[in-house]
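Notes for the structure review
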Amino acid sequence: MKLNIIANESEKAGTTALFFVKKSVQFSAVLSEAGEKQVESVLESMNDGPFEDLEYLEIDGRPTLFVDAAKERGLSNLDHLRMAAYRLACRSMKKQISSVSLMLADCADEQFKAILHGLHYAEYKFDAYKSKQKPNFQVTYEIVAGEHTAAFKKIAEEVAIENKAVVLAKNLINTCAADLYPAEFVQNAKTIAKYTPGLSIKVRDMKQLEKEGFMGHVTVGKGSSHEPYMVTLDYKPAKFNSKDHLVFVGKGLTFDTGGLCLKPPKSMPEMISDMSGAATVLAAIQAIATLKLPIHVSAVCCLAENAIGNKSVLPGDIFKAKNGKTVMVDNTDAEGRLVLSDGLAEAGEIGATHIIDIATLTGAMVRALGYAITGFFSNDDDLALKVINCGEACCEKFWSMPLEEEYADALKDKFADLKNTGSDAGAIAAALFLQEFVPENTAWAHWDIAGTAFTTKKWKYTEYGATGFGVQTLIELAREMSLN
Ligand code: BES
Ligand code: ZN
Ligand code: ZN
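Figured I'd write up the structure that's included with this text. (Residues numbered from 1 in each chain as written. Chains lettered and ligands numbered in written order. Predicted model: local features only at pLDDT ≥ 70, side-chain atom pairs only at ≥ 80, totals over all residues. Heavy atoms only, no water.)

**Side note on the overall build of the chain**
Selection rule: The numbering of helices and of strands both runs from the N terminus, where a helix is a DSSP run of H or I of at least 4 residues and a strand a run of E of at least 2. The globule rule used here is 2.2 Å times the number of residues to the 0.38 power, and the radius of gyration it is set against is calculated over C-alpha atoms. Residue burial is assigned from relative accessible area. The probe radius is 1.4 Å, only protein chains are included, and a residue is buried under 20% of its type maximum, exposed over 50%, and partly exposed in between. Two residues form a contact once any of their heavy atoms are found within 4.5 Å. Values of accessible area rely on a 1.4 Å probe in the Shrake-Rupley scheme; residue burial ignores everything except the protein chains shown.
Each helix and strand counted, the chain has 13 helices and 20 strands in total. Scaling as 2.2 N^0.38, a compact globule of 484 residues should have a C-alpha radius of gyration of about 23 Å, and the chain matches this with 24 Å. Principal-axis analysis of the C-alpha atoms gives the chain an extent of 80 × 50 × 45 Å. Looking at the chain as a whole, 56% of its 484 residues qualify as buried. Contacts spanning at least 24 positions in sequence make up 77% of the contacts within the chain whose residues lie at least 6 apart. In the form shown here, the chain has an accessible surface area of approximately 21,000 Å², with 51% of it arising from carbon and sulfur atoms.

As structure tokens, then:
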């Protein structure tokens, strides 16, 4: 797509798109009196919702598309706009409309941002494995911005950076495990660090991990022919206001067979997405560095493949985690929390004041909240509120879950300090397990994105595959915290 942000409408503009909510146009279009009457009667003639988008009515002698910005159920006003823009862009590409004008002179900044994200989402497709790739039809969007022109140009640059990060995360997540194993993920991270000014990288291989006692990675990764890695990326701008050091920790299981506690075959292909947390934190820090946000941010990617081999961890095996606690592996399929124990320790070692870990951690969370909401846990009310608010600004839904102490006893083991499975409340048990590895005096939030990272049926802007969930909220959190 091409964006043309201009103050006043150009004469050779093609199709006009009007967003409407209920029966009125959302952003006041520049129409003649007759045109306005015509629009009114078109909207009036529609049955009471849900409205169908209309194609090509002649208004003021110009082809005009009506786009319903209140069509779906359960979305915020901003998300409605994103969806409307997404549908508009899908339709424009499909019908090969080369130029579309949007009259946005009275559109607020965050609304414009939402519209842009919607347009970008429509461009995404993952056809790397198709024998023939078809490029998208190029649509030029003429954004008539009036006095917002300069501000909108800046927003468009920022949204392009954010979208690039979302695309990066989606591509990594959608790539199959034969092509994206831990060492290959490391190569991607190295390339990103090399081409992103201000971003440095530290890589630990199996030997180094073992030497330093990061035994979660070793325990999970040793059964695979692909060795585990831990990658720490660091972005420390020359100038920053905030004293906070925000550290993201991502679960990066490039594939999760379940190990010897083998998963059933039906849902196994989806486990290519079990590295979504690591992809999300890598993408987010790339964008944060590119945007030059004035805050110290790091990202830890915990990379391993949970496979079956003659060296695989056996149920009942006990290992000593980085913080000294011993863990009995009760179930080899509860592997994410083991690598994350190392990631949390690493976050503490590099001086985190705030940690966000993000992981496709439990099937229990999928059953609790489904595919539209990420359940999260936090030991800090202020951070929890920020997560919810930043999520809302990015049209990503979060729901705060309890770290219920009553269930903590279920994690106790007869021989070891802890075991890796616990109470029936599976998502809570996983969070309580992680809490055992959170460095002292550190604000922490754990996002369980098992339901939201990957979709097997059409959901909002995604037909099938990675949704990119979380990338934008992480960037927004860094932006918000950089203001303090
Ligand atoms: N990667 C899975 C969780 C998952 C499930 C992600 C569905 C995406 C969709 C995780 O490693 C896992 O297998 N968790 C087990 C834990 C159990 C054995 C305590 C689960 O949730 O079943
Ligand atoms: Zn698992
Ligand atoms: Zn897993």
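**Digging into the pattern of salt bridges**
Put simply, the rule is: In what follows, salt bridge is the name for a side-chain nitrogen of Lys or Arg lying within 4 Å of a carboxyl oxygen of Asp or Glu.
A complete count under the given rule lists 19 salt bridges for this structure. Salt bridges linked by common partners bring K113, E162, E476 and R479 together as one network.

**Let's talk about the coordination of the zinc ion (ligand 2)**
Quick note on the threshold: Each metal's donors comprise the N, O and S atoms found within 2.8 Å of it (within 3.2 Å for Na, K or Ca). Water is not part of the atom list, so some coordination spheres may appear incomplete.
Protein coordination of the zinc ion (ligand 2) is provided by D256 (OD), D333 (O), D333 (OD) and E335 (OE), with donor distances spanning 2.0 to 2.2 Å. Donor residues binding the zinc ion (ligand 2) come from one chain and are separated in sequence as D-x76-D-x1-E. Overall, the relative accessible area of 2% leaves D256 in the buried class. Accessibility expressed as a relative area gives 23% for D333, which makes it partly exposed.

**What about the sheet that holds strand β13 (residues 326–328)?**
Note on sheets: strands pair through backbone hydrogen bonds, and any given pair is parallel or antiparallel. How we decide: Should DSSP find at least two bridges between two strands, the strands are taken to pair.
Taken in spatial order, the three strands make up an open sheet running β12-β13-β17, and their pairing is mixed. For this open sheet the edge positions go to β12 (318–320) and β17 (418–419), each flanked by a neighbour on one side alone. With two bridges joining them, β13 and β17 adopt parallel strand pairing. From the neighbouring strand, M328 faces β17, where its bridge partner is K419.

**Comments concerning the site of ligand 1**
The test is simple: In these notes, residues near a molecule or strand are those with any non-hydrogen atom within 4 Å of it. Any pair of N or O atoms that falls within 3.5 Å is considered a polar contact. Within protein, one atom must be able to donate a hydrogen and the other to accept it, and sequence-neighbouring residues count only if both atoms are side-chain atoms. We call Asp, Glu, Lys and Arg charged. Ala, Val, Leu, Ile, Met, Phe, Trp, Tyr, Cys and Pro are nonpolar, and the rest, Gly among them, are polar.
As a matter of local geometry, ligand 1 sits amid 15 residues, with D256, K263, D274, D333 and G363 nearest to it. Separating an oxygen atom of ligand 1 from a side-chain N or O atom of D256 is a distance of 2.9 Å. Between K263 and ligand 1, the recorded distance is 2.7 Å, taken from a side-chain N or O atom to an oxygen atom. Counted by class, the shell around ligand 1 contains three nonpolar, five polar and seven charged residues.

**Quick look at the coordination of the zinc ion (ligand 3)**
To keep it simple, the criterion reads: Geometry is assigned from the angles between donors: four donors with all angles from 85 to 135 degrees make a tetrahedral site, four or six donors whose opposite pairs exceed 155 degrees while the rest stay between 65 and 115 make square planar or octahedral sites respectively, and everything else is labelled irregular.
Taken together, K251 (NZ), D256 (OD), D274 (OD) and E335 (OE) make up the full set of protein donors to the zinc ion (ligand 3), lying 2.0 to 2.4 Å away. Considering all six donor atoms around the zinc ion (ligand 3), the spread of angles at the metal, 76 to 171°, places the coordination shape in the octahedral class. All donors to the zinc ion (ligand 3) come from one chain, and their sequence spacing reads K-x4-D-x17-D-x60-E. Separating the zinc ion (ligand 3) from the zinc ion (ligand 2) is a gap of 3.2 Å, bridged by D256, which donates to each. Placement of D256 in strand β10 (residues 245–256) and of D274 in the loop between β10 and α8 (276–290) is noted, with a sequence separation of 18 residues between them. By the burial criterion, D256 is buried, and D274 matches it.

**Brief notes about a negative patch on the surface**
What counts here: Only residues whose relative accessible area exceeds 30% and that form no salt bridge enter a patch; like-charged residues are grouped when within 9 Å of one another, and nonpolar side chains (Val, Leu, Ile, Met, Phe, Trp, Tyr) when within 5 Å. Neither His nor the chain ends is counted toward charge; the positive residues are Lys and Arg and the negative residues Asp and Glu. A charged residue contributes its charge at one atom only: NZ of Lys, CZ of Arg, CG of Asp or CD of Glu.
A contiguous patch of negative charge on the surface is contributed by E33, E36, E40 and E44. Tracing the backbone shows E33 in helix α1 (residues 33–45). Given the relative accessible area of 66%, E33 is considered exposed.

**Some thoughts on α8**
Basically, it comes down to this: Expected helix span is computed as 1.5 Å times (number of residues minus one).
Under the 1.5 Å per step criterion, the end-to-end length of α8 is 21 Å for 15 residues, consistent within 8% with the ideal 21 Å. Taking burial as the measure, the 15 residues of α8 include 14 buried ones, the bulk of the element. Of the residues flanking the end of α8, it is K292, one or two places downstream, whose phi is positive at about 55°.

**Topic: the packing of helix α9 (residues 336–349) against helix α12 (residues 426–435)**
For clarity, the threshold we go by: Only the stretch in contact is used when fitting a helix axis, every axis being a line fitted to C-alpha atoms; angles between N-to-C directions are given from 0 to 180 degrees. In this scheme, a crossing is called left-handed if the near helix is turned counterclockwise away from the far one by less than a right angle; it is called right-handed if the turn is clockwise.
Two elements in contact, α9 and α12, have axes separated by 9 Å at closest approach and are oriented at 35°. For α9 against α12, the interelement crossing comes out right-handed. Listed contacts from α12 to R337, L338, L340 and L344 of α9 are A430, F433 and L434. Of the residues contributing to the contact of α9 with α12, the split by class is six nonpolar, no polar and one charged.

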